[in-house]
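Here's the letter readout for the chains.
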Amino acid sequence: MRSVRQIKTQAHRRARRHLRVRKKVHGSAARPRLVVFRSSKHIYAQVVDDDRGVTILGASDRTEGIQVDGTGKTARSFALGRLIAAKAKDKGIAKVVFDRGGYQYHGRVKAVADGARKGGLEF
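Residues numbered from 1 in each chain as written. Predicted model: local features only at pLDDT ≥ 70, side-chain atom pairs only at ≥ 80, totals over all residues. Heavy atoms only, no water.

**Some words on the side chain of D61**
Next, step 1: Note on placement: D61 falls in the loop between β3 (54-60) and α2 (73-90).
Next, step 2: Side-chain polar atoms of D61 contact the side chain of R76, separated by 3.1 Å.
Next, step 3: Aside from chain neighbours lying at most four places away, what touches D61 is K41, H42, I43, I66, R76 and L80. (Helix = DSSP H or I, 4+ residues; strand = E, 2+ residues; numbered from the N terminus. Polar contact = N/O pair within 3.5 Å; in protein donor to acceptor, adjacent residues only side chain to side chain. Contact = heavy atoms within 4.5 Å.)

Structure, rendered in structure tokens:
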């Protein structure tokens, strides 16, 4: 008798994709990893040094001091990218590796990347 397959949820499939991306993307002290997490309402970004296993800095679209131009989640995501770039510049980080977190490089995830580039981070 054959065993019944487990149902793979959307979160499970995203976690698998994220592991596949993480095989190739690695952050170091010289070039840390910019990670994006997207929930249904908000978006979060962290800069991580994988060699030490330390989160250097992080922010979300709810962080104080974020300046949003326009309305909607995509505008908040772009502002988050600019904020994370400004915080990284203050810490002396100019180059990062972008980790899309298993999400499609589209919409809010792309807006974070574009905002970080506009803020002065180099990918």
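**Focus on the nonpolar core**
Next, step 1: Grouped together as the largest cluster of nonpolar side chains are 23 residues, with contacts concentrated most on L34, V36, V47, L80, I84, F98 and L121.
Next, step 2: Among the elements of the structure, β1 (33-38), β2 (43-49), β3, α2 and α3 (108-118) are those that each provide at least two residues to this core.
Next, step 3: No other element matches the six residues that α2 contributes to this core.
Next, step 4: Contact partners of V47, with chain neighbours within four places excluded, come to P32, R33, L34, V54, T55, I56, L57, I84 and I93. (Core = buried A, V, L, I, M, F, W, Y, C linked by side-chain atoms within 4.5 Å. Buried < 20%, exposed > 50% of the residue type's maximum accessible area, 1.4 Å probe, protein only.)

**A closer look at the pattern of salt bridges**
Next, step 1: A full pass over the atoms with the stated rule returns seven salt bridges.
Next, step 2: The partner of D99 in a salt bridge is R33, and the shortest N-O contact between them spans 2.8 Å. With D99 in strand β4 (residues 97-99) and R33 in strand β1, this residue pair connects regions lying 66 residues apart in the sequence. Each member of the pair D99 and R33 is classed as buried.
Next, step 3: The shortest N-O distance in the salt bridge between D61 and R76 comes to 3.1 Å. Of this pair, D61 sits in the loop between β3 and α2 while R76 sits in helix α2, placing them 15 residues apart in sequence.
Next, step 4: Here D61 falls in the buried class, since its relative accessible area comes to 7%.
Next, step 5: For R76, a relative accessible area of 26% corresponds to the partly exposed category.
Next, step 6: When salt bridges that share partners are traced, they join R22, R33, D50 and D99 into one network. (Salt bridge = Lys/Arg side-chain N within 4 Å of Asp/Glu carboxyl O.)

**Quick notes on the packing of aromatic side chains**
Next, step 1: Applying the stated rule across the entire model yields four aromatic pairs.
Next, step 2: Three or more aromatic residues joined by ring pairs form one cluster here, namely F37, Y44 and Y103.
Next, step 3: The residue whose ring lies beneath R117 is F123, and the NZ or CZ to ring-centre distance is 4.4 Å. (Phe/Tyr/Trp six-rings, centres within 6.5 Å; stacked < 30°, edge-to-face > 60°. Lys NZ or Arg CZ within 6 Å of the ring centre and 35° of its normal.)

**With respect to a positive patch on the surface**
Next, step 1: Residues R5, K8, R13, R16, R17, R20, K23 and K24 make up a contiguous surface patch of positive charge.
Next, step 2: Structurally, R5 can be placed in the segment before α1 (10-22).
Next, step 3: Accessibility expressed as a relative area gives 77% for R5, which makes it exposed. (Patch = residues over 30% accessible without salt bridge, like charges linked within 9 Å, V, L, I, M, F, W, Y side chains within 5 Å. Areas by Shrake-Rupley, 256 points an atom, 1.4 Å probe, with all protein chains shown as cover. Lys, Arg positive; Asp, Glu negative; His and termini not counted. Charge placed at Lys NZ, Arg CZ, Asp CG, Glu CD.)

**Remarks on the packing of α2 against α3**
Next, step 1: Their axes nearest at 7 Å, the elements α2 and α3 cross at an angle of 35°. With respect to the hand of their crossing, α2 and α3 are arranged in right-handed fashion. Of α3, the residues touching α2 (which contributes K73, T74, S77, F78, L80, G81, R82, I84 and A85) are R108, A111, V112, D114, G115, A116 and K118.
Next, step 2: Class assignment for the residues of the contact of α2 with α3 results in seven nonpolar, four polar and five charged. (Axes fitted to C-alpha atoms, helices over the stretch in contact; angles between N-to-C directions. Left-handed = near helix turned anticlockwise from the far one by under 90°. Nonpolar A, V, L, I, M, F, W, Y, C, P; charged D, E, K, R; others polar.)

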